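Close look at the chain arrangement
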Amino acid sequence: MTNDSKVVPLTARDSDAAAASDAHKRVSALPVPLKPVREQALAFLRASLTALFDNADDSLFEMADRAGSNTDQSLYFEAMRAIRLRRHAIEKACLGRLDNELEALNSATATTKPQDSLSNFALDTLTLVQPDELEQTVAMDNMVNRVAGRNASALTQLAVRMNSLLKAQVDEGANPLGPANLAQFFVDALVPLELDIKVRLIVLKLFERYVLNESDALYQQLNDVLVHAGILPDLRLHAQRSSPPAAPTTGTSDAGRSYAGSVDNEQPVAADSPLNLFADLVSSWRHASGDAALAPLGQHNARPVQQHELLQLLGQLHGNTEAMSGSALRMQIRDLLTGMHSHTGESRGLERVDDDVISLVSMLFDFILDDDQLPGALKALIGRLQLPVLRLAIADKSFFSRSSHPARKLINELARATLGWSDHDDLTRDKLHAQIEQTVERLLAVNDPQPELFTELHAELGTFVRQEQRRSERLEQRTRDAEEGRARVDAARHAVASELNELLVGRSLPVIALDVVRDLWSQQLQMVALREGTDSPHWRQSLAMAKALVASFASVDEADKPERLAAAVTLREKMQTALTESGLDSPQALQQLNELAATHAQLFAVQKVKPAKSDPAVQAPTADAASSDAQPPAAELPTGAPAQQPDPEPEVVTEPLPQPDIVQVTAPVLESPVIEEAPELITDLPDNRSLAWVASLHVGSWFGLTKAEGESEQRCKLAAHISFSRKYIFVNRAGVKVTEFTESKLIKHYEQGLIRVLDDNQLFDRALESVIGNLRQLQDRR
C-alpha cells in the first residue's frame, strides 16, 4: 500500500485504540486521591478538544472565504480536510500523553520538564526574520502566560497538593495539567499534519479559546476534589509581613460581607488571590519610581487599617466624581491616612495586599487614560470609574484573576462600544454617549457598588449597543451593496470599452455603423457582462456579433453582394432579438437598426447599367424610311457592290450608386474606467512590509484615518474589500461611507503614516498585560 499522506490507515487507529485500552487496563501508579483528578482532567480535555474540532471547520472555511488568493484558499481547504481526517488521532494522542505524564509523576524517574516562560525569552534581542517555529513558539508562550497568570494561585495550590502525594516534585510549569504542557501535547499531536504556519496559528488560537480559556474552572475543580479527599484542606499561601498579627476584628461592613469574606487583615492572603504574585513586582516598581508604600505612618508596628475601615475611608472620596490619575488617587488616600493620624493620634497604615490593589488599579487607569486607542470622550467618562472600581477590587480580590468579572466586562464593553468615536465628533446629542454617561452616573451614585450592579449595567449597555449596531449594520449593508454594484458596473464598462476600442480603432466605417456599435451594442455587452460575466457563452456570442457587424462593411466583389446582403439581414435580426431580450429595444434603437439596414442596402445593391448616348450628327432612320429603303436581297445586289457592315454594339455605361458617409476611427470611442493605476517608476512600488499590512486587513476592523496631513484623525471601519476592483470601502459607526481607497492608494496612505489599525481587543486585559509587562521589566533591571 502506498504511503499517501491523505490516507489514514486503519492500523494506526487500531493501535491508538489498543494503547488507550492498555492504559485503562494497566495498574495505575497514582495515589488513590489523584485518580479522580486524572479522570476529571481527561474528561475535560476530551470534551474541550471535541468542541475545538467541531468549530475548526467553520473558522477555516471563514478564512478560506476571506482569502485574498486561490493559493491561500486552497491552503485552508486542505487544512480543513486534513484536520477532519486526523481529529480522532489528535484527540487520542493528547489524552494518551496526559495520562502517561501523570502516571510518570509517581514512577522512579519523572519525564516532565519545566517549561520556559516568555518572561525568560528576550524578544527585543531578535533582529532577523525568524522561522515558522519561532512564530509558533511565541504564540504558544503568549497564550500559556495569559492562562497561567489568571490561574497562578490555583496552579500553585494544585502543585503543592500533588507534591504531598507524589514521588516526583513538580511546580506550576512542570505540572502535566498546567497550560504549558497541555499546549505542548496538542502541538506535538499536530506535527504529522505538516500544517502551514498560517493554519497552525489559527488552530492554536482555537485551542486557546476552547481548551485553555475553559481550564480556569478545571483547576479550581481539581483543587476541590483534593480538598474533599482531605489533601491540605487549609492550604494558604503566606505573604511576607513585617508587622505582627493584630487581634482579629469582628466588625465588617455590608460590602465586606457580600464578597468572599476570606480576605481578613489578620489572616494571610488567600491562595485564590493572584495578588501575592504581584507583590514583588509592585515592590520593584516602588523602588524604581520612588513611590512610598501606604505603610503605617509614624510607627513601624502600627495597627493596620482593616478592609471595612478602608472601604469606609474611601467613602469619604465619594463626592469626588472627576477623572483623576492613579498617582493623584494615591495622594488623596495618603492624605486621608494622615488626617486619621492627626484626629486619633494613632498611626495607621494599609495592609500590603490592599496597598498593592490600590497601586495596581492606579496603574491600570493610568494606562487607560494614556491609551491612544481610546477616544478622548471615553477617557473622560471611564476615568471617573476609578474610585468605584477600586472599592470593588479591595472588597473582591477575584477582580484581577477572573476574566469574566462583571466590572472587567463592563470596562471592556465601554471600550468596544465607543471604538468608532472620533475626538472631533459632536457627542452632545449622541444616544450612546448619553447611555454611557448614565451608566457612569449610576455607579458614582452608589457608595459601595456591588458586582450585581456592574452585571446589570453591562447587560443594559450591551442591549443598547446591539440595537445601535443593528441599525448601523443595515445602512452599512446598503452601502456595501451599492459599492459592490458600482464596482461591478465599472468592471463591465472597462471590459466593454477594452474590447470595442480594440475592435474599432483604425477602421473606416459608415457613421451609422459606428453609432450602433458605440451607443447601442455597447449597452448590450455591458448588460451581458453584468448578468453572466465576461467568461460566459452569451458574452462571446454578443462580442462576435459586434465583430461581424464591423466586418460586414469590408469591400466586396459585385458577384458576392447578394450573399453579403442576406448575411447582413440575418445579423440585424439576431441583434434585434438580443436587444429585445435585454429590454434595450427602444424606438431609438429600432430606428438605428433601420438606418443600418438602409446603409447595407446601399452598399450591397447591384449597380444599374444603361446605353451610352449616340452622336447627334447621325440621325437614326425612321421606321418608314427603313421600310421603304429596305435593302434588296443579296442576290439582287449588283455585282461588285460592297457588302453592308453591321451596326456597332451600343456602349455600356455604369450608373454610380450613392455611398454612405464614412468616418475613420483614429482614437478610442469609449471611455474606460481606471480600475487600478499602475506604478510608473520603480520607486512607486510598495515594499513588502506595506503589502503584508494591507494583506492582513479584515473586513470589520476599525482604523484611525487621517485623510491628509494636518487634518484631524477620524475613526472608520473597513466595510468591504471589493476584490475585482481592488477597492477598500470605509464607513463610520453609523454605516455611512467615509472614503474609499484603491489598493495602491491605501498602501501609500499607510507608508505616510496616515492610517493605523485600532486594537479592538479587551481593554482591561490589554491594560493588565501592559502593566504586568512593565513591572517585570523594572524587576529585571534590579
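Structure report, in brief. All of these numbers come straight from a predicted model, not from anything done at the bench. (Residues numbered from 1 in each chain as written. Predicted model: local features only at pLDDT ≥ 70, side-chain atom pairs only at ≥ 80, totals over all residues. Heavy atoms only, no water.)

Some words on the overall build of the protein
Each helix and strand counted, the protein has 26 helices and 11 strands in total. Counting only residues that meet the buried cut, the protein has 42% of its 782 residues in that class. A separation threshold of at least 6 residues defines the contact pool for the protein, and within that pool the share at least 24 residues apart is 77%. Only carbon and sulfur atoms are counted for the fraction: they give 52% of the accessible area of the protein, which is about 41500 Å². (Helix = DSSP H or I, 4+ residues; strand = E, 2+ residues; numbered from the N terminus. Buried < 20%, exposed > 50% of the residue type's maximum accessible area, 1.4 Å probe, protein only. Contact = heavy atoms within 4.5 Å. Areas by Shrake-Rupley, 256 points an atom, 1.4 Å probe, with all protein chains shown as cover.)

Quick look at helix 13 (residues 352-370)
Compared with an ideal rise of 1.5 Å per residue, which puts 19 residues at 27 Å, helix 13 spans 27 Å between its outermost C-alpha atoms and is within 8% of the ideal. Within helix 13, 14 of the 19 residues are buried, which leaves it mostly tucked inside the rest of the structure. (Expected span 1.5 Å × (residues − 1).)

Quick word on the sheet that holds strand 8 (residues 714-722)
Spatial strand order, 10-9-8-7-11: 5 strands in an open sheet with antiparallel pairing. Pairing within the sheet leaves two strands with one partner each, and these edge strands are strand 10 (737-742) and strand 11 (755-757). Each adjacent strand pair in this sheet contributes to an overall mean axis angle of 35°, direction not counted. Taken strand by strand, helix 18 (residues 451-504) contacts strand 8, strand 9 (727-731) and strand 10, and its axis lies near 50° from that of strand 8. (Pairing = 2+ DSSP bridges. Axes fitted to C-alpha atoms, helices over the stretch in contact; angles between N-to-C directions.)

Things to note about the environment of Met80
You can see Met80 is positioned in helix 3 (residues 70-104). Separated by 24 residues in the primary sequence, Met80 and Ala56 have C-alpha atoms spaced 7.5 Å apart. Once you skip the residues sitting within four places of it in the chain, Met80 turns out to touch Asp57, Leu60 and Phe61.

Some thoughts on the environment of Arg756
Checked against the element boundaries, Arg756 lands in strand 11. Among the residues examined, Arg756 registers a relative accessible area of 25% and is labelled partly exposed. For the pair formed by Arg756 and Thr706, sequence separation is 50 residues and the distance between their alpha carbons is 9.2 Å. Side-chain polar atoms of Arg756 contact the side chain of Glu713, separated by 3.0 Å. (Polar contact = N/O pair within 3.5 Å; in protein donor to acceptor, adjacent residues only side chain to side chain.)

Digging into unusual backbone geometry
In this model, Glu194 sits at a positive phi of 55°, which is unusual for a non-glycine residue. Mapped onto the elements of the fold, Glu194 is located in the loop between helix 6 (179-190) and helix 7 (197-212).

A few points about the pairing of strand 10
Sheet topology places strand 9 next to strand 10; 5 bridges connect them, and they run antiparallel. For Val731, the partnering residue across the bridge sits in strand 10 and is Lys737. The antiparallel hairpin formed by strand 9 and strand 10 contains 5 residues in its connecting segment, where Gly735 sits at a positive phi of about 90°.

Some details on the packing of aromatic side chains
Evaluation of the coordinates by the stated rule reveals 8 aromatic pairs. Summarising the aromatic geometry, the rings of Trp693 and Phe703 are spaced 6.3 Å apart at their centres and angled 80° between planes, so their arrangement reads as edge-to-face. Here Phe703 lies in strand 7 (residues 702-705) and Trp693 lies in helix 24 (residues 688-695), a separation of 10 residues in the sequence. When the centroid spacing of 5.5 Å and the interplanar angle of 85° are considered together, the rings of Phe703 and Phe730 count as edge-to-face. In this pair, Phe703 sits in strand 7 while Phe730 sits in strand 9, placing the two residues 27 residues apart along the sequence. What makes Phe703 buried here is its relative accessible area of 0%. For Phe730, a relative accessible area of 0% puts it in the buried group. What links up through ring pairs into an aromatic cluster is the set Trp693, Phe703, Phe730, Phe741 and Tyr750. (Phe/Tyr/Trp six-rings, centres within 6.5 Å; stacked < 30°, edge-to-face > 60°.)

By themselves, these figures tell us nothing about what the structure is for.
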